[in-house]
Amino acid sequence: SSGINAEYGYCGDKALDVIPRTMSLNEVELKQLVVYKVEKKKGLDHELRSLLDVEIFQAVVFFSPSGVEFTHDILEDRLSRDCVLVAFGKSTAAGISVYLGNKFVIKVCDHPTPLGVLNVLQNL
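Described below are features of the structure shown in this document. The structure presented is a predicted model; accordingly, all values stated were derived computationally and were not measured.

So, about the state of the cysteines. A full pass over the atoms with the stated rule returns zero disulfides. Cysteine Cys 83 shares no disulfide, and the gap to the nearest cysteine sulfur, in Cys 109, comes to 14 Å.

Closest axis-to-axis distance for the helix H3 (residues 65-78)/helix H4 (residues 90-100) pair is 9 Å, and the angle between their directions is 30°. In terms of their interaxial angle, H3 and H4 are classed as roughly parallel. Both H3 and H4 take part in a crossing whose hand is right-handed. Of H4, the residues touching H3 (which contributes Pro 65, Val 68, Glu 69, His 72 and Glu 76) are Ser 91, Thr 92, Gly 95, Ile 96, Tyr 99 and Leu 100. For the contact of H3 with H4, the residue count by class is five nonpolar, four polar and two charged.

Glancing now at the layout of surface pockets. By volume, the largest pocket amounts to about 730 Å³. Forming the boundary of the largest pocket are 30 residues, of which Lys 14, Ala 15, Leu 16, Pro 65 and Ser 91 lie nearest the centre. Elements with a minimum of two residues in the lining of the largest pocket: strand E1 (4-12), helix H1 (18-25), strand E2 (28-36), H3 and H4. Of the voids in this model, the second largest pocket is the one considered here, and its volume is about 150 Å³. Contributing to the lining of the second largest pocket are Leu 44, Leu 48, Val 60, Val 61, Phe 62, Phe 63, Ser 64, Ser 66, Gly 67, Phe 70, Thr 71 and Leu 75. Elements with a contribution of two residues or more to the lining of the second largest pocket: helix H2 (44-54), strand E3 (59-62) and H3. No other element matches the five residues that H3 contributes to the lining of the second largest pocket. A class-by-class count of the residues in the lining of the second largest pocket yields eight nonpolar, four polar and no charged.

Moving on to the environment of Val 60. With respect to the secondary-structure elements, Val 60 resides in strand E3. In contact with Val 60, other than residues within four places in its own chain, are Leu 79, Cys 83, Val 84, Leu 85 and Val 86.

Right, let's get into a nonpolar patch on the surface. On the surface, a cluster of nonpolar side chains totalling about 590 Å² of accessible area is made up of Tyr 8, Tyr 10, Leu 33, Val 35 and Tyr 36. Residue assignment for the nonpolar patch shows that the elements contributing at least two residues are E1 and E2. Among the elements that take part in the nonpolar patch, E2 stands out by supplying three residues, more than any other. Assignment of secondary structure puts Val 35 in strand E2.

What counts and what doesn't
- Residues numbered from 1 in each chain as written.
- Predicted model: local features only at pLDDT ≥ 70, side-chain atom pairs only at ≥ 80, totals over all residues.
- Heavy atoms only, no water.
- Disulfide = S-S within 2.5 Å.
- Axes fitted to C-alpha atoms, helices over the stretch in contact; angles between N-to-C directions.
- Helix = DSSP H or I, 4+ residues; strand = E, 2+ residues; numbered from the N terminus.
- Parallel < 35°, antiparallel > 145°, perpendicular 65-115°, else oblique.
- Left-handed = near helix turned anticlockwise from the far one by under 90°.
- Contact = heavy atoms within 4.5 Å.
- Nonpolar A, V, L, I, M, F, W, Y, C, P; charged D, E, K, R; others polar.
- 1 Å grid on protein atoms, 1.4 Å probe; cavity = no way out; pocket = protein on both sides within 12 Å on 5 of 7 lines; lining within 4 Å.
- Points joined across faces, edges and corners; volume = space filled by probe spheres on them.
- Patch = residues over 30% accessible without salt bridge, like charges linked within 9 Å, V, L, I, M, F, W, Y side chains within 5 Å.
- Areas by Shrake-Rupley, 256 points an atom, 1.4 Å probe, with all protein chains shown as cover.
- Salt bridge = Lys/Arg side-chain N within 4 Å of Asp/Glu carboxyl O.

This is the structure:
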């Protein structure tokens with residue numbers, strides 16, 4: 001059977017190769033075109049510190065490893081160890097482990113969908 005060639009997937013500069021690799025294994029060539037850059041928001045540290053000064057978090061949901069990368073230093077110092085870190089998927093859970101080790105309880109969504117997040121949060 002002939003494969004499909006020259007399909008494009010638009011992604012960020014930190015995209016994983018999971019989808020293109022899966023496509024390739026199924027004879028579909030998916031080239032990734034980087035259309036945005038993942039970078040830390042200006043003023044994030046101040047905004048996060050201010051929020052953590054007045055809020056006590058029961059859980060923090062991460063949707064990407066970048067979110068962990070950009071906030072781990074502040075969260076590590078300011079979150080209660082009772083706070084549960086929720087990972088949208090496996091790569092995000094790996095990011096939590098890299099940046100925060102085993103300092104917090106980590107829950108991973110069974111499915112990386114809004115309902116997956118809801119299920120984790122409802123079962124804390």
